[in-house]
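An overview of the molecular structure
What follows is the residue order along each chain.
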Amino acid sequence: MNAHRGHHPSPPFDAALSAQAFHETWLATVDPTGVGQWFRRQRLDRLIATATRDSPLYARRARSARVIDDFEPIGKHELMDHFDDWAVDRRITRAGVEAFIGGGDTIADGWLERYLIWTSSGTSGQPGVFVQDAASLAAYDAIEALRLRSTGPAGPPLGLWAAGRRFAYVGAVGGAYAGHVSVARLQRIAPPGWAPTLCEISVLDPLDEIEARLRAWGPDVLITYPTLAASLAGRTVNDRRPLRFGEVWLGGEQLSPTQRAFIGDAFGCVVRNSYGASEFYSIAFECRYGRLHLNDDWVILEPVDADHRPVPVGAFSHATLLTNLANRTQPLIRYTLQDCTRFVPEPCPCGSGLAVIEVQGRSDDALVLAGRDGGTVTLLPLAIETVVEEAGGITEFQLIRRPDGSLELRLSLQGDAARQAFDRCRRALLGWFARQDVRTPRLVHGHGGPLRAPGSGKLRRVIDDRAR
Ligand SMILES: [Zn+2]
């Protein structure tokens, strides 16, 4: 990796901005409700001032905006449709971005000498293109080192989380995805001796191949999606030479309690989950009690209903509005993220004053099914997944709602084992639907196993074919 160093322009990194971000993030970690909230207000004021002055798109939409409520929610389609008017640097154009990411092995290089580009997988339609500047990357680096990677029983000392360790990243490696670009950047900006040693493997490769490469590499830390870790865990359970990791870091998909326990037991290791997106790299981090704490000095989340009105504290939202306080180059203010979230009103036993959130959705859909009383019933994906996992004793499956209203359950098992698991899942699901007052749907055993999404390689376990 380092052999290439001389030939490429460096990825964006600014030591002064980085030092400032670390300092501020550390202060806000110690005092989230005082200093943290003060930083949040300062950053929001600066973001609004910059966006309404220097982004033609935001200037048109909210010229006289002073507070966040002055902004109408904005979606990915509108931002992509007006891409060339969106950023505050007029050189940032869709054509320029596409020429750059089409250039092959340059994705961790600085574009225009100062930006990093991420594309999102587009599980909900159009892919997104997000431009990161040195300031936003400094904030993500600080969050990662001071919060995401420094808690928990196996947590390394502050800031040393990557130095000298062996990592395996099994994810989307074929494009400018945030995870892939970020690990490549981290290797390039680390001083000698501090860079993590990394092996990248495509999540879309056959499982046999992924397993063989992991055995050959022998990483301390596996970074991947929950469903991929669970697949590997399933293969290793009865293995005479089981795979072992020091830690497994998960993200990108929903993680169920069953998956967490299964993965931790199989590999005999710490499992650490986080919640991030291409729109903001590290939205929330997991503390030692397994709860997700929002980095609310750097990002604002507003859980809203289908009409973009706020939902009560404690209730799950239909969607979530995200405001990125770290990135003033390509402003995201009240951006509609298709994740269901809720703020947990009870304080966390870990003592952190950073808000605790829960997330549903990610790559999975909620199902809105016909109710017995003629109305509809909304079922959250984590609840559906728990029913199937417990009844079937499986974590690899896909429940798809077809356009005709029927449900298709695909399992990774074959033969009698598949038929028996399907029967158990079918009974459990129909019984549970009845208790939720759902009118009994047609539920069929799908041909073939679950399929990962092309590109990102995410496995969506609950899919509404009609919603997408
Ligand atoms: Zn906590």
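What you see is a predicted model, and the numbers here were worked out from it, not measured in a lab. (Residues numbered from 1 in each chain as written. Predicted model: local features only at pLDDT ≥ 70, side-chain atom pairs only at ≥ 80, totals over all residues. Heavy atoms only, no water.)

1. A look at the environment of L204
For L204, the position within the fold is in the loop between β4 (197-202) and α9 (207-217). Placed 32 residues apart in sequence, L204 and A172 show a C-alpha to C-alpha distance of 7.7 Å. Aside from chain neighbours lying at most four places away, what touches L204 is R452, A453, G455 and G457. (Helix = DSSP H or I, 4+ residues; strand = E, 2+ residues; numbered from the N terminus. Contact = heavy atoms within 4.5 Å.)

2. Structural notes on the environment of P454
Structurally, P454 can be placed in the loop between β19 (443-445) and β20 (462-464). For the pair formed by P454 and L204, sequence separation is 250 residues and the distance between their alpha carbons is 8.0 Å.

3. Re the sheet that holds strand β13 (residues 340-344)
A sheet is described by the order of its strands in space; here nine strands give the open sequence β4-β3-β5-β6-β7-β8-β9-β14-β13, paired in mixed fashion. Each having just a single partner strand, β4 and β13 make up the two edges of the open sheet. Neighbouring strand axes in the sheet, compared pairwise and without regard to direction, differ in orientation by 25° on average. Its contacts with the sheet place helix α10 (residues 226-236) against β3 (166-171), β5 (221-224) and β6 (247-250), and it is angled at close to 130° to β5. (Pairing = 2+ DSSP bridges. Axes fitted to C-alpha atoms, helices over the stretch in contact; angles between N-to-C directions.)

4. A few points about the pairing of strand β16 (residues 376-379)
Taken residue by residue, a regular strand's side chains alternate between the two faces of the sheet. Side chains V377 and L379 of β16 all project onto a buried face; the interleaved residues T376 and T378 project onto a face where none is buried. Bridge count for strand β15 (residues 367-370) against β16 is four bridges, and the pairing is antiparallel. Counted as the bridge partner of L369 is V377 from β16. Between β15 and β16, which follow one another and run antiparallel, lie five residues, and G374 among them has a positive phi close to 95°. (Buried < 20%, exposed > 50% of the residue type's maximum accessible area, 1.4 Å probe, protein only.)

5. A short note on the domain arrangement of the protein chain
Partitioning the protein chain into domains gives domain 1 (2-360) and domain 2 (367-464). Taken over C-alpha atoms, the centre of domain 1 sits 29 Å from the centre of domain 2. On the domain 2 side, the residues contacting the 23 residues of domain 1 number 16 residues. Carbon and sulfur atoms supply 58% of the area buried between domain 1 and domain 2, which totals about 1,700 Å² over both sides. Across the domain 1-domain 2 interface, the total number found is one salt bridge. Run the count over domain 1 and domain 2 and you get nine residue pairs in polar contact (both at pLDDT 80 or more). (Domains from an automatic or database assignment. Buried area = accessible area lost by both parts, 1.4 Å probe. Salt bridge = Lys/Arg side-chain N within 4 Å of Asp/Glu carboxyl O. Polar contact = N/O pair within 3.5 Å; in protein donor to acceptor, adjacent residues only side chain to side chain.)

6. Here's the deal with the coordination of the zinc ion
Surrounding the zinc ion are the protein donor atoms C287 (SG), H293 (NE2), C348 (SG) and C350 (SG), which sit 2.1 to 2.3 Å from the metal. Note that the zinc ion binds four donor atoms; their angles at the metal cover 99 to 116°, and the shape is tetrahedral. Summarised as a motif, the one-chain spacing of the donors to the zinc ion is C-x5-H-x54-C-x1-C. (Donors = N, O, S within 2.8 Å, 3.2 Å for Na, K, Ca; no water. Tetrahedral: all angles 85-135°; square planar, octahedral: opposite > 155°, others 65-115°.)

7. Here's the deal with the packing of aromatic side chains
The final tally for this structure, using the stated rule, is 14 aromatic pairs. Considering the side-chain rings of F83 and W86, the 5.7 Å spacing of their centres and the 90° angle between planes classify their relative orientation as edge-to-face. Taken together, the positions of F83 and W86, both in helix α5 (residues 83-86) and three residues apart, correspond to about one turn of that helix. The same class applies to F83 and to W86, which are both buried. Judged by centre distance (6.1 Å) and plane angle (45°), the rings of Y140 and Y281 are tilted. With a gap of 141 residues between them, Y140 in helix α7 (residues 134-148) and Y281 in the loop between β7 (270-275) and β8 (284-286) connect regions that are remote in the sequence. Of the aromatic side chains, those joined through ring pairs into one cluster are F83, W86, F130 and Y335. Just above the ring of F83 sits the side chain of R94; from NZ or CZ to the centre is 5.8 Å. (Phe/Tyr/Trp six-rings, centres within 6.5 Å; stacked < 30°, edge-to-face > 60°. Lys NZ or Arg CZ within 6 Å of the ring centre and 35° of its normal.)

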